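Residue-level structure breakdown
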Protein chains: 2
Amino acid sequence: MFRPHMFSRRSFAALLLSSVPIAAIMAQPLADPLPSWREGATKRAILEFLRKTTSRDSSDYLPPSARIAVFDNDGTLWVEQPIYAEVVFAVDRVKALAPLHSDWASREVFQAALAGDMASLVKGGLRAMGTIVLASHAETTPDTFHQLVSDWLITARHPRFHDRYTNCIYQPMVEVLTLFRAYGYRTWIVSGGTTEFLRPWTQGIFGVPPDQVIGTTLKTTYSMRDGRGELVQLGELESLDEGAGKVVNLYRSLGQRPVAAFGNSDGDYEMLQFTTTGQGPRLGVLIHHDDGDREYAYDRDTNIGKLDRGLADAAANGWSVSSIKNDWSRVFADHQ
Amino acid sequence: MFRPHMFSRRSFAALLLSSVPIAAIMAQPLADPLPSWREGATKRAILEFLRKTTSRDSSDYLPPSARIAVFDNDGTLWVEQPIYAEVVFAVDRVKALAPLHSDWASREVFQAALAGDMASLVKGGLRAMGTIVLASHAETTPDTFHQLVSDWLITARHPRFHDRYTNCIYQPMVEVLTLFRAYGYRTWIVSGGTTEFLRPWTQGIFGVPPDQVIGTTLKTTYSMRDGRGELVQLGELESLDEGAGKVVNLYRSLGQRPVAAFGNSDGDYEMLQFTTTGQGPRLGVLIHHDDGDREYAYDRDTNIGKLDRGLADAAANGWSVSSIKNDWSRVFADHQ
């Protein structure tokens, strides 16, 4: 087992070099643990937090069982503009299912979806987008739904970057996820998207297994079908994983308070607050989308990842606000 | 990392010996991986299941990520008669809280609790016992509740065995838990009791961490209290972790179908069914309480751990029914 604290008296470079292959060492003689992050307050805060919570000689040392870091997904780990990927998936699914649902033609939100009118759905906010998402899950078993998601991710392309959504992930955050794990942390995703939309691919893309994915859930029934016990999702909301709902849901799964939290919108406010108001060392980071050239620039005035309270209170709450424009030397893993 | 499959061509004895300290080897030259289990069908089924799912040369080999085993708690890992431990805890808590709840004196179920009339509560079934349990949680933060549970477990004694409840755990099942983990399985507890009643002690007693504990949950609110984000449990049921509810809840946390399940009552039926009707190698085990001398003898005619459908269908479902009387050479870890 790799134990970073054994190396606590050495430099970061020595620490990282000890865990990378020879070829990587030769290509990168001065290994930077977060190579896509420019030097700055957030990078320093992350590295210092990891050092002090894993060095046995630190008064902030945390045992491995307490090393829990939580991450929002949309806008924190991958792109969420111009509309959440799951809503695009749901719109495609609604189009495919429309022949079976004659009532949809008379409902405004489904009309927008069937016309591919994303602007109307965004304008309709969580209520409109949520209606489409719930409809896309209805009457599916998890296995069936996972296959639909996996198939969609292979063919769908982001409208601006013309690339798979799973390639529109933030390289700096992938580095943060892997660095936390290298220091003995477990990394959990806590998303406003549905749990079952994430589970098919987070292991492969982010290294986060299905049981460390928490999201919005739908009511589900259990019954026998053709000799096999099956869960079937209903098109009804069970629990919205947003705002205070993220705290309730993450605690239901985790049973403990995380010590580090990363988010980008006011929907992550309570999760960061719950995390950083516990005793002992804490880290809260908000990603600020301020780079329209390389990604998107938005905060207070959007229905997708609105960030207002978070920006206003970050300093008072001791949270780092990370500027994509200034802090990230690279945005995406696989293009740009 | 210990990888049992590396030793798959060797005997069980060699495998186990390789992971135990020298002193243990000398004291027990022919190491038995389940020393409190007598030779029999269930022991054979467990050992064969572990061998075939972890031997790389087996057609039933499972990768570590698929190795998930789920265990009921009451009556499967520890004693549940003459009444669930959590109900005894809740009765004690209701007595302590009674001065703050003048309305309780006029409600029959609280009258029974305040009089310590356990027989009435058992007779009232899940509804009566559940009412008392919900009341014991109400208006508590998880931290406060955990401390109450921990304190209670130190002082409370089982009425027949005159020992701590955490000493009234089944030694054969502790051996099963640790053996599964030695073979790379993750072991989850899926209990009809509340999640928060279990989380303070399952790590220390069973080696199961808080995030692998699934139970009945209460509605919970989040708010700031004295500058600290706090969850507060309400005295209302959110999700009963029993029957089909166990399947819904375990899947919400796990995101995959377990491959092995252990239970003892009809409340575990659907969990065993869901587990054993998946594809590939499967193991379902029901513990049958038939030993009134050393523990308790009960099945069809009880409100505590009723086992009727399970007994009737076990053979058809391919589940092992384990007789405590015949299969367990020792029942408890710390007495008898």
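Every value quoted in this text rests on a predicted model; they were computed, and no experiment measured them.

What follows is about the overall build of chain A. Scanning chain A from terminus to terminus reveals 15 helices and seven strands. For 336 residues, the compact-globule estimate of 2.2 N^0.38 gives 20 Å, and the C-alpha radius of gyration of chain A, at 21 Å, lies within 12% of that figure. For chain A, the C-alpha atoms occupy an extent of roughly 65 × 50 × 45 Å along the three principal directions. Counting over 336 residues, chain A shows a buried share of 45%. For chain A, the proportion of contacts with a sequence separation of at least 24, taken over those separated by at least 6, is 66%.

The next thing to look at is helix H7 (residues 125-137) of chain B. Residue and element names in this part refer to chain B. Compared with the 18 Å implied by 1.5 Å per residue over 13 residues, the 19 Å span of H7 between its first and last C-alpha is a close match. Residues of H7 that are buried: Ala128, Met129, Gly130, Thr131, Ile132, Val133, Ala135, Ser136 and His137. Following H7 by one or two positions, Glu139 adopts a phi angle in the positive range, close to 65 degrees.

Below, the discussion takes up the sheet that holds strand E3 (residues 213-225) of chain A. Residue and element names in this part refer to chain A. Taken in spatial order, the seven strands line up as E4-E3-E2-E1-E5-E6-E7 in an open sheet, and their pairing is mixed. Lying at the two open borders of the sheet, with one neighbouring strand each, are strand E4 (228-239) and strand E7 (320-323). Each neighbouring strand pair of the sheet contributes to a mean axis angle of 30 degrees, computed without reference to strand direction. Looking at chain direction, strand E6 (residues 283-288) and E7 are connected through four bridges and run parallel. Bridging from a neighbouring strand, Val285 pairs with Ser320 of E7. Packing of helix H13 (residues 269-276) onto the sheet brings it into contact with strand E1 (68-71), strand E2 (186-194), strand E5 (260-263) and E6, and relative to E5 it is tilted by some 165 degrees.

Screw-axis analysis of chain A against chain B gives a translation of 0.0 Å along the axis, an RMSD of 0.0 Å, and a rotation angle of 180 degrees. When the rotation and shift are considered jointly, the pair of chain copies conforms to a two-fold rotation axis. Counting the interface residues of chain A, we find that 100% of their copies in chain B are interface residues as well, pointing to one common contact surface.

Let us now look at the interface of chain A and chain B. Between chain A and chain B, the residue contacts involve 27 residues of the former and 27 residues of the latter. By residue number, the principal contributor to the side of chain A that touches chain B is helix H12 (residues 244-254) of chain A, which donates seven residues. For the side of chain A that touches chain B, the class distribution of residues is twelve nonpolar, ten polar and five charged.

Bringing the environment of A:Ser253 into the picture now. Of note, A:Ser253 is situated in helix H12. Note on A:Ser253: 22 C-beta atoms within 10 Å, which makes it buried. Considering only alpha carbons, one finds A:Ser253 and A:Ile214, 39 residues apart in sequence, at a separation of 7.8 Å. Not counting residues up to four positions away in its chain, the partners in contact with A:Ser253 are A:Ile214, B:Asp211 and B:Ser253.

Residue and element names in this part refer to chain B. Taken in spatial order, the seven strands line up as E4-E3-E2-E1-E5-E6-E7 in an open sheet, and their pairing is mixed. With one partner strand each, in any of the chains shown, strand E4 (228-239) and strand E7 (320-323) form the two edges of the open sheet. Mean inter-strand twist for the sheet, computed between neighbouring axes without regard to direction, equals 30 degrees. Docked against the sheet, helix H12 (residues 244-254) engages strand E1 (68-71), strand E2 (186-194), strand E3 (213-225) and E4, running at close to 135 degrees with respect to E2.

Attention shifts here to the domain arrangement of chain A. Residue and element names in this part refer to chain A. Examined at the domain level, chain A breaks down into domain 1 (4-81 + 165-327) and domain 2 (85-155). Centre-to-centre separation of domain 1 and domain 2, based on C-alpha positions: 27 Å. Listed per partner, the contact involves 20 residues of domain 1 and 20 residues of domain 2. By residue number, the principal contributor to the side of domain 1 that touches domain 2 is E4, which donates eight residues. Partitioned by chemical class, the residues of the side of domain 1 that touches domain 2 number ten nonpolar, six polar and four charged.

Turning our eyes to something else, we now look at the pairing of E7(B). Because side chains alternate across E7(B), one face comprises the buried residues B:Ser320 and B:Ser322, and the other comprises B:Val321 and B:Ser323, none of which is buried. On the question of chirality, the crossover connecting strand E6 (residues 283-288) of chain B to the parallel E7(B) by way of helix H14 (residues 309-317) of chain B is right-handed.

Relative to E3(A), E2(A) is paired through three bridges, and the arrangement is parallel. The residue of E3(A) that forms the bridge with A:Val190 is A:Ile214.

This paragraph deals with the nonpolar core. Counting residues in hydrophobic clusters, the biggest one holds 77 residues, and the most contacted among them are B:Val70, B:Val87, B:Ile132 and B:Leu250. For this core, the leading source of residues is helix H4 (residues 85-97) of chain B, giving seven residues. For B:Ile132, the contacting residues outside a window of four places in its chain are B:Val87, B:Ala90, B:Val91, B:Val94, B:Val109, B:Ala113 and B:Leu121. Within the second largest apolar cluster, 76 residues are counted, among which are A:Ile189, A:Phe197, A:Val259 and A:Trp319.

Along the chain, A:Gln81 connects to A:Pro82 via a cis peptide bond; the corresponding omega equals 0 degrees. Turning to its location among the elements, A:Pro82 is positioned in the loop between E1 and helix H4 (85-97). The backbone of A:Asp226 sits at a positive phi, close to 50 degrees, despite the residue not being glycine. In this structure, A:Asp226 sits in the loop between E3 and E4. Since 6 C-beta atoms lie within 10 Å of it, A:Asp226 is described here as exposed. Look at B:Glu139: it is not a glycine, yet its phi comes out positive at around 65 degrees. Mapping B:Glu139 onto the fold places it in the loop between H7 and helix H8 (142-155).

Below, the discussion takes up the environment of B:Leu240. Residues and elements named next belong to chain B. Relative to the helices and strands, Leu240 is located in the loop between E4 and H12. Among the residues examined, Leu240 registers 18 C-beta atoms within 10 Å and is labelled partly exposed. For the pair Leu240 and Thr216, spaced 24 residues apart in the sequence, the C-alpha separation amounts to 4.7 Å.

Let us look at the packing of H12(A) against H13(A). Residues and elements named next belong to chain A. Interhelical geometry of H12 versus H13 gives an angle of 55 degrees and a closest axis separation of 6 Å. As summarised for this structure, H12 and H13 are arranged oblique, according to the angle between their axes. Taken as a pair, H12 and H13 cross one another with a handedness that is right-handed. Together, Ala244, Lys246, Val247 and Leu250 of H12 and Glu270, Met271 and Phe274 of H13 make up the contact between the two elements. When grouped by side-chain class, the residues that make up the contact of H12 with H13 number five nonpolar, no polar and two charged.

Once that is clear, we can look at the confidence of the model for chain A. Here chain A shows a mean pLDDT of 92. Residues at 70 or above account for 90%. Residue range residues 1-26 of chain A is modelled with pLDDT below 50. Its contacts to residues more than four positions away, or to other chains, number 29 contacts.

A separate point is the environment of A:Val213. As for its position among the elements, A:Val213 is in strand E3. In sequence terms A:Val213 and A:Arg199 are 14 residues apart; their C-alpha atoms lie 6.7 Å from each other. Ignoring sequence-local partners within four residues, the contact set of A:Val213 consists of A:Ile189, A:Thr195, A:Leu198, A:Arg199, A:Thr202, A:Val208 and B:Gly255.

Parameters at a glance
- Residues numbered from 1 in each chain as written.
- Chains lettered and ligands numbered in written order.
- Predicted model: local features only at pLDDT ≥ 70, side-chain atom pairs only at ≥ 80, totals over all residues.
- Helix = DSSP H or I, 4+ residues; strand = E, 2+ residues; numbered from the N terminus.
- Rg over C-alpha atoms; globule rule 2.2 N^0.38 Å.
- Buried ≥ 20, exposed ≤ 12 C-beta atoms within 10 Å, placed from the backbone.
- Contact = placed C-beta atoms within 7 Å.
- Expected span 1.5 Å × (residues − 1).
- Pairing = 2+ DSSP bridges.
- Axes fitted to C-alpha atoms, helices over the stretch in contact; angles between N-to-C directions.
- Least-squares fit on C-alpha atoms with pLDDT ≥ 70 in both.
- Nonpolar A, V, L, I, M, F, W, Y, C, P; charged D, E, K, R; others polar.
- Domains from an automatic or database assignment.
- Right-handed = clockwise from strand over helix to strand, strands pointing away.
- Core = buried A, V, L, I, M, F, W, Y, C linked by C-beta atoms within 7 Å.
- Parallel < 35°, antiparallel > 145°, perpendicular 65-115°, else oblique.
- Left-handed = near helix turned anticlockwise from the far one by under 90°.
- pLDDT = per-residue confidence, 0-100.

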